[in-house]
Amino acid sequence: MEDLEIKRMEEGDIGEVMAIERASFKQPWKREFMEAELSNFSSIPLVVLKEGKVAGYVILWDMGESLHLANIAVKPELRRKGIGRALLKKAIAIARKRDKKLLSLEVRRSNIAARKLYESEGFRVLRVIRGYYRPDFEDALLYVLPLQGNVKSEKT
C-alpha cells in the first residue's frame, strides 16, 4: 500500500497505540509496558501511519540470534486491507537485515485470520504452548520463520 508509512514509535503515538491495543486483545498491555518499549535497547517498536494517523503497530524484540514479534495489531476498522501484512513484511525485512536465524511469535490457536497471514508469509508452527493465554488459558501456537538453516514444525 503506497499510502502507508512505517516509522519508529514515539511517545506521541502511545495514545493511539493503546486504543488499538485495548480494541484488539483480551489482556491488553498496560500503558507503562508500552511506554517502556520506547527505551528498551532490545525493542524495536514501530507504528504504521495511514493518512498521518496510527493504523497499527508492531513490537519486535532482538533476542540475539533471533527476532521475536512480541505484539502486532491493526485498528479494527482498517483490518484486512494489507496493513498487518505490511507490518509483518517490515518485521521480516528487519530480521533479514540483522542477519537473524529466525523470526518467532505466539498466536492464539483460535486466531485463524492471524494464523493465515503468518502462514502465507512462510511461518510454520514449531510447537503448541498449552494454556499460555490468560484469563481463559487458551493454547498458543509458537510460529517461526526460519531465515537460516532448517527448523522442524509440529502439526496443529
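Please refer to the structure higher up on the page.
Everything numeric here is computed off the predicted structure, so don't read it as measured data. (Residues numbered from 1 in each chain as written. Predicted model: local features only at pLDDT ≥ 70, side-chain atom pairs only at ≥ 80, totals over all residues. Heavy atoms only, no water.)

1. Regarding the nonpolar core
1) Next: Judged by nonpolar contacts, the single largest core of 32 residues is most densely connected at Leu60, Leu69, Leu103, Tyr118, Phe123 and Tyr143.
2) Next: Contributing elements (two or more residues each) for this core: β2 (43-50), β3 (53-62), β4 (66-74), α3 (83-97), β5 (102-108), α4 (112-120), β6 (124-133) and β7 (138-146).
3) Next: The greatest single-element share of this core, amounting to seven residues, is contributed by α3.
4) Next: Aside from chain neighbours lying at most four places away, what touches Tyr118 is Ile72, Leu88, Leu105, Val107, Phe123 and Tyr143.
5) Next: Counting residues in hydrophobic clusters, the runner-up holds 13 residues, among them Met9, Ile20, Leu49 and Tyr57. (Core = buried A, V, L, I, M, F, W, Y, C linked by side-chain atoms within 4.5 Å. Buried < 20%, exposed > 50% of the residue type's maximum accessible area, 1.4 Å probe, protein only. Helix = DSSP H or I, 4+ residues; strand = E, 2+ residues; numbered from the N terminus. Contact = heavy atoms within 4.5 Å.)

2. A few points about helix α1 (residues 14-24)
1) Next: Those residues of α1 lying buried are Ile14, Val17, Met18, Ile20 and Glu21. Buried residues of α1, seen end-on, are gathered within an arc of 160 degrees and therefore sit on one face of the element. (Arc of directions from axis to C-beta.)

3. Regarding the packing of aromatic side chains
1) Next: Scanning all chains against the criterion turns up four aromatic pairs.
2) Next: A centroid spacing of 6.3 Å and a plane angle of 20 degrees characterise the contact between Trp29 and Trp61, whose relative ring orientation is stacked. Here Trp29 is found in the loop between α1 and α2 (31-37), whereas its partner Trp61 is found in strand β3, with 32 residues between them in sequence. (Phe/Tyr/Trp six-rings, centres within 6.5 Å; stacked < 30°, edge-to-face > 60°.)

4. Concerning α3
1) Next: Here α3 is 15 residues long and its end C-alpha atoms lie 21 Å apart, about the 21 Å a rise of 1.5 Å per residue gives.
2) Next: Restricting attention to buried positions, one finds in α3 the residues Ile83, Gly84, Leu87, Leu88, Ala91, Ile92, Ile94 and Ala95. (Expected span 1.5 Å × (residues − 1).)

5. Let's talk about the layout of surface pockets
1) Next: Within this model, the largest pocket holds a volume of roughly 1,200 Å³.
2) Next: Looking at the largest pocket, it is lined by 36 residues, and the ones nearest its centre are Phe25, Ile72, Asn111, Ala114 and Tyr118.
3) Next: Elements with a minimum of two residues in the lining of the largest pocket: α1, β4, α3, β5, α4 and β6.
4) Next: Of all the elements, β4 adds the most residues to the lining of the largest pocket, at seven residues. (1 Å grid on protein atoms, 1.4 Å probe; cavity = no way out; pocket = protein on both sides within 12 Å on 5 of 7 lines; lining within 4 Å. Points joined across faces, edges and corners; volume = space filled by probe spheres on them.)

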